[in-house]
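Chain and residue survey
Here is what each chain is made of, one letter per residue.
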Amino acid sequence: MDAKQKMSNGDVKKAGKLAEEAMTMSDMLEKFKSELESAGQDDNAEFNALRLCSQDPYPGDGEKAEGEEAWLQEHSYTDPAWIMERERDPTAAAMEAEVAQVLRDTGSHEKALEHFTLALELDPGVLDYWALRAQANFTLKNYREAFRDCISVHKDIRPVAMWKIGGRVLSSLGQYVLSEVWLRRASRLTEGNDYEALLLFQQTRIHRFYDPLTEGTSVQVRFTKYGRAVFCTEDVAEGQELFRDTPLVSSQTDDSAKAHPACSHCAVSLLTAEDYFGMDTFRRMNKAQKAIIKKAWPKVTAYPCPHCKREKYCSLECRTHAWRQHHCHLCPSINPPAAKLYDFCAKGTTQEKGMWNSMFSPMIMARIWANILTRVKELGVKGEPTKDQWARAKEPYRRFLGFGVSGFVKQIPKMLKIMQAIFQNTEIKYKIDELEFERRYYQVACNVQSFGPPCVTWHEFVAEFHRTARPGENHRRVAQEMRGEPKDVTFGGLYALQSSLNHSCDKNVDVMDAVVDGKPGVVIRAKQPIKKGGELYTTYIDTSMQRPQRRAWLYRAYHFWCECQRCKYEGDDCSICTQCGKKARKDSPFSVCSRCHRAWYCSSQCQKVAWKAGHKKICKAWPTN
């Protein structure tokens, strides 16, 4: 079964109804275009994730850096570089350096290294020669020699280029914390204006935290100008499993919880026969019919929280894990202000003005904060936590990049007050100001993935019912009372690896509900053959919509203007040529592509040009709402 999209089809339709109260989709699109223009951007403006990413050290980096320094010393990386003593000759040195650069540019790197070395020996006071030789050694993967060249220049006069080379050497050696130190220094020396230094830093950080997650898979996470992205490390076939993932934190959506009971911790279905058929229907059935249902319906045992009874679990193990992870701070019997949050979530609605206006449940944000408090306590904190202790507790959530419009919290002030009351009533106080609220909100909004169990109790019942069905009135009556498949169990979760997938309106992977380590999670499979080095794309919205609606929803929910291949080669309507931008006369609209019905052209020549340029790759009969 497909996992739900970041915004499921049903959510899009529901959100559409809410949006219609304020504006039509066309109005929304024009509003967003105006916002882009007023911000000095255009439809093709590029989002630069580097400006949103922190270079702050992680807690414990000091100790890790000491360990990496010891490794470098043990493997002789910190010995000074050796050069032959020659009579100083700046003119000859410059000539050797010029020859070396020509050789380097033509790919003769070993010869170039010889001449860079000679230039350095003839004039060792020129810092550029040290940098050029370090770069040559790095290119030839002579990492020890490259690093020795870098440290041979005192750090107070070391040029930016050498800080970058040293950082790349350390990253190649897997000494990621020291690599970050060097690249951070390069960034600060240029006041954050060196794009390469910023990019190298984030690429190193990605290797540090994501390489362990992708070990044993055929994918790798990399940092691009749009942020994290997932790429294939080998050719993959259609249907091939790429990786599996489990959520760091999750919560059932409010509407789903109202319609389909599930384990609050692991998402396993807790739907009973009485829930499915309804108590009135169940009471009308005779004993034989009830016996048929009881025999076919899998046994469901729910373990409610013994204190508040508000949460239900599939096992004592799940109940214990949930209590330790977050519920010990959120249980209304322990923390009375949390009752308002549970009351709101139980309504299964997002239409209370000033309370909430998102598809995911606010409970997931509360669980993030609660889990951070749990992690603080696990550090053995007594009294007020230090800045470092707070940083350690928040560390797992730093990987989720969030971006949105400042001031959003003013639209939902009631929820802010509820969260503030909850976390001012915990044993360790957690300050939830507007900035903290918005930061966590956008972390969830930009990264949450809908998921659910691949099989629920109803599926097991149907299979067993048909397997044991016997001719007779009782089985016919039970079959008549079956109302089709129940509403999905829908949870929203933050996945460390899956959240790195970027969006395309023509995705090349499917995110599927799956059992991972015995619990519901997701599995990512290739939707089509993908070449080595190709990026993996999922979809964040219902892509059966036309391009204007897709772009409007993506901008509204995720704050980017989609320029995927499909958006690039589809049009908005018959009034503008998709290829050349020519406007049609009102009485003579342009012809539509007969296959996909998503592009319009002023002439056959424009259609041919577009077809060769890329429309051929995305032209197909797309599903419609």
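We now turn to the structure provided with this report. As the structure is a prediction and not an experimental result, all values here were calculated from the model. (Residues numbered from 1 in each chain as written. Predicted model: local features only at pLDDT ≥ 70, side-chain atom pairs only at ≥ 80, totals over all residues. Heavy atoms only, no water.)

**As for the nonpolar core**
What counts, and what does not: To define a nonpolar core, start from buried Ala, Val, Leu, Ile, Met, Phe, Trp, Tyr and Cys residues and group those joined through side-chain atoms within 4.5 Å. Categorising residues by exposure relies on relative accessible area from a 1.4 Å probe, with only protein chains included: less than 20% of the type maximum marks a residue as buried, more than 50% marks it as exposed, and the intermediate range marks it as partly exposed. Secondary structure follows DSSP: runs of H or I at least 4 residues long count as helices, runs of E at least 2 residues long count as strands, and numbering of each begins at the N terminus. Whether two residues touch is decided by their heavy atoms; if any such pair falls within 4.5 Å, the residues are in contact.
Within the largest apolar cluster, 49 residues are counted, with the highest numbers of intra-cluster contacts made by Leu242, Phe243, Phe277, Phe461 and Leu536. A total of five residues in this core trace back to one element, the largest contributor, which is helix 10 (residues 195–214). Once residues within four sequence positions are removed from consideration, phenylalanine 461 is found in contact with Phe277, Ile293, Ala296, Trp297, Pro298, Val478 and Met482.

**Some words on the packing of helix 6 (residues 127–139) against helix 7 (residues 143–151)**
Here is the rule we go by: Axis geometry follows a simple rule: fit a line to the C-alpha atoms, using only the stretch in contact for helices, then measure angles between N-to-C directions, giving values from 0 to 180 degrees. By the definition adopted for this analysis, an angle is roughly parallel if under 35 degrees, roughly antiparallel if over 145, roughly perpendicular if from 65 to 115, and oblique otherwise. Crossing handedness is defined as follows: a turn of the near helix away from the far one that is anticlockwise and smaller than a right angle gives a left-handed crossing, while the clockwise case is right-handed. Here the nonpolar group is Ala, Val, Leu, Ile, Met, Phe, Trp, Tyr, Cys and Pro; Asp, Glu, Lys and Arg are the charged ones; every other residue, Gly included, is treated as polar.
Relative to each other, helix 6 and helix 7 sit at 165 degrees, their axes nearing to 8 Å. With respect to each other, helix 6 and helix 7 are oriented roughly antiparallel. Relative to helix 7, the crossing made by helix 6 is left-handed. Contact with helix 6, carried on its side by Trp130, Arg133, Ala134, Asn137 and Phe138, involves Tyr143, Glu145, Ala146, Asp149 and Cys150 of helix 7 and no other residues of that element. Class assignment for the residues of the contact of helix 6 with helix 7 results in six nonpolar, one polar and three charged.

**So, the sheet that holds strand 7 (residues 449–451)**
To keep things clear, this is the line we draw: Pairing between strands is defined by DSSP: at least two bridges between them are needed.
Read across the open sheet, the three strands follow the order 4-8-7; overall the sheet is antiparallel. The open sheet terminates on both sides in strands that have one partner only, identified here as strand 4 (247–252) and strand 7. Across the sheet, the axes of successive neighbouring strands diverge by a mean angle of 35 degrees, strand direction being ignored. In the sheet, strand 7 pairs with strand 8 (residues 491–495) via three bridges, with the strands oriented antiparallel. Of the residues in strand 8, the one forming a bridge with serine 450 is glycine 492. Where helix 17 (residues 363–378) meets the sheet, it contacts strand 4 and strand 8, and its direction lies at approximately 140 degrees from that of strand 4.

**Quick look at helix 21 (residues 457–468)**
What counts is decided by this rule: Under the convention used throughout, the expected extent of a helix is 1.5 Å for every residue step, that is, one less than its residue count. Note that the arc is defined by the directions from the helix axis to the C-beta atoms.
Its twelve residues give helix 21 an end-to-end C-alpha distance of 16 Å, which sits within 8% of 16 Å, the value for a rise of 1.5 Å per residue. All of the buried residues along helix 21 are Thr457, Trp458, Phe461, Val462, Phe465 and Thr468. For helix 21, the angular spread of the buried residues around the axis is 150 degrees, confining them to a single face. Projecting away from the buried face of helix 21 at angles above 90 degrees are the exposed residues His466 and Arg467. Contact partners of the buried residues in helix 21: helix 12 (273–277), helix 14 (287–296) and helix 22 (473–481).

**Examining the pattern of salt bridges**
Which entries qualify depends on this criterion: Note on definitions: salt bridges are taken to be side-chain nitrogens of Lys or Arg within 4 Å of carboxyl oxygens of Asp or Glu.
Scanning the model with the defined rule gives 31 salt bridges in all. Aspartate 79 serves as the salt-bridge partner of arginine 148, at 3.5 Å between the closest nitrogen and oxygen. Taken together, the positions of arginine 148 in helix 7 and aspartate 79 in the loop between helix 3 (61–74) and helix 4 (90–105) put the pair 69 residues apart, joining distant regions of the chain. Notably, a salt bridge pairs aspartate 506 with lysine 620, separated by 3.6 Å at the nearest N-O pair. Here aspartate 506 is found in the loop between strand 9 (502–503) and strand 10 (509–516), whereas its partner lysine 620 is found in the segment after helix 25 (604–618), with 114 residues between them in sequence. A residue is classified by how much of its surface remains accessible, and lysine 620, at 30% relative accessible area, is partly exposed.

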